[in-house]
Amino acid sequence: QVQVVESGGGLVQRGGSLRLSCAASGSSFSIDAMGWYRQAPGKERELVARITDGGSTKYADSVKGRFTISRDNTKNTVYLQMNSLRPEDTAVYYCYAQELAAGRIYGHWGQGTQVTVSS
């Protein structure tokens with residue numbers, strides 16, 4: 001059973017920084033893509049950033065130039081460095097780990113960590 005555990009959320013002022021971490025464990029197969037999604041109250045969950053095991057990245061337009069995703073493949077750990085935070089970045093941030101097992105894809109989610117940016 002794959003477990004995905006996030007850490008690093010909190011309260012920060014506008015313009016501040018936070019670093020989120022997420023570790024996926026318990027897989028007997030490979031974790032290829034990992035990423036961060038967020039969901040604000042009353043809104044749908046949206047992609048923030050995604051990274052493959054090869055290092056290819058994808059960002060939401062709203063965070064480009066401010067957020068950086070990185071990964072330690074040896075630990076199946078992904079990080080999200082968030083700089084120049086804005087009140088509109090306030091949301092619950094969820095980590096996603098994509099497992100490749102016997103040719104099939106399985107998605108695993110963390111429980112989420114709250115990020116609040118005050119104005």
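Reference entry: report on the structure contained in this document.

Rules behind the numbers
- Residues numbered from 1 in each chain as written.
- Predicted model: local features only at pLDDT ≥ 70, side-chain atom pairs only at ≥ 80, totals over all residues.
- Heavy atoms only, no water.
- Helix = DSSP H or I, 4+ residues; strand = E, 2+ residues; numbered from the N terminus.
- Rg over C-alpha atoms; globule rule 2.2 N^0.38 Å.
- 1 Å grid on protein atoms, 1.4 Å probe; cavity = no way out; pocket = protein on both sides within 12 Å on 5 of 7 lines; lining within 4 Å.
- Points joined across faces, edges and corners; volume = space filled by probe spheres on them.
- Nonpolar A, V, L, I, M, F, W, Y, C, P; charged D, E, K, R; others polar.
- Salt bridge = Lys/Arg side-chain N within 4 Å of Asp/Glu carboxyl O.
- Buried < 20%, exposed > 50% of the residue type's maximum accessible area, 1.4 Å probe, protein only.
- Pairing = 2+ DSSP bridges.
- Axes fitted to C-alpha atoms, helices over the stretch in contact; angles between N-to-C directions.
- Disulfide = S-S within 2.5 Å.
- Polar contact = N/O pair within 3.5 Å; in protein donor to acceptor, adjacent residues only side chain to side chain.
- Contact = heavy atoms within 4.5 Å.

1. What about the overall build of the protein?
- Check the secondary structure of the protein and you find zero helices and eleven strands.
- The N-to-C order of helical and strand elements in the protein reads β-β-β-β-β-β-β-β-β-β-β.
- Against the globule reference of 14 Å for 119 residues, the protein gives a C-alpha radius of gyration of 14 Å, in line with a compact fold.
- For the protein, the spread of C-alpha atoms along the principal axes amounts to about 45 × 25 × 20 Å.

2. Brief notes about the layout of surface pockets
- One number sums up the size of the largest pocket: a volume of about 170 Å³.
- Surrounding the largest pocket, 13 residues form its lining, Arg38, Ala40, Lys43, Glu46 and Glu88 being those nearest its centre.
- Considered class by class, the residues forming the lining of the largest pocket number two nonpolar, three polar and eight charged.

3. Overview of the pattern of salt bridges
- What the rule picks out here adds up to four salt bridges.
- For Arg38, the salt bridge identified is with Asp89, shortest N-O distance 3.0 Å. With a gap of 51 residues between them, Arg38 in strand S4 (residues 30-39) and Asp89 in the loop between strand S8 (77-82) and strand S9 (91-101) connect regions that are remote in the sequence.
- Judged by relative accessible area, Arg38 falls into the buried class, the value being 5%.

4. A closer look at the sheet that holds S8
- Ordered by their spatial adjacency, four strands build an open sheet running S1-S3-S8-S7, and the pairing between neighbours is antiparallel. Across the chains shown, the open sheet's two edge strands, defined by having one partner strand only, are strand S1 (3-7) and strand S7 (67-72). Ignoring strand direction, the axes of neighbouring strands in this sheet form an average angle of 15°.

5. Structural notes on the state of the cysteines
- Tallied over the full model, the rule gives one disulfide.
- What pairs with Cys22 in a disulfide is Cys95, and their sulfur atoms sit 2.0 Å apart. Of note, the bridge from Cys22 to Cys95 carries an S-S torsion of about -85° and is left-handed in sense. Placement of the pair is Cys22 in strand S3 (residues 18-25) and Cys95 in strand S9, with a sequence separation of 73 residues. For the pair formed by Cys22 and Cys95, the shared burial category is buried.

6. Describing the side chain of Gln98
- Tracing the sequence through the fold places Gln98 in strand S9.
- Owing to a relative accessible area of 11%, Gln98 belongs among the buried residues under this scheme.
- Side-chain polar atoms of Gln98 contact the side chain of Tyr96, separated by 3.4 Å.
- Ignoring anything within four residues of it in the chain, the contact list for Gln98 reads Ser30, Ile31, Asp32, Ala33, Arg50, Ile105 and Tyr106.

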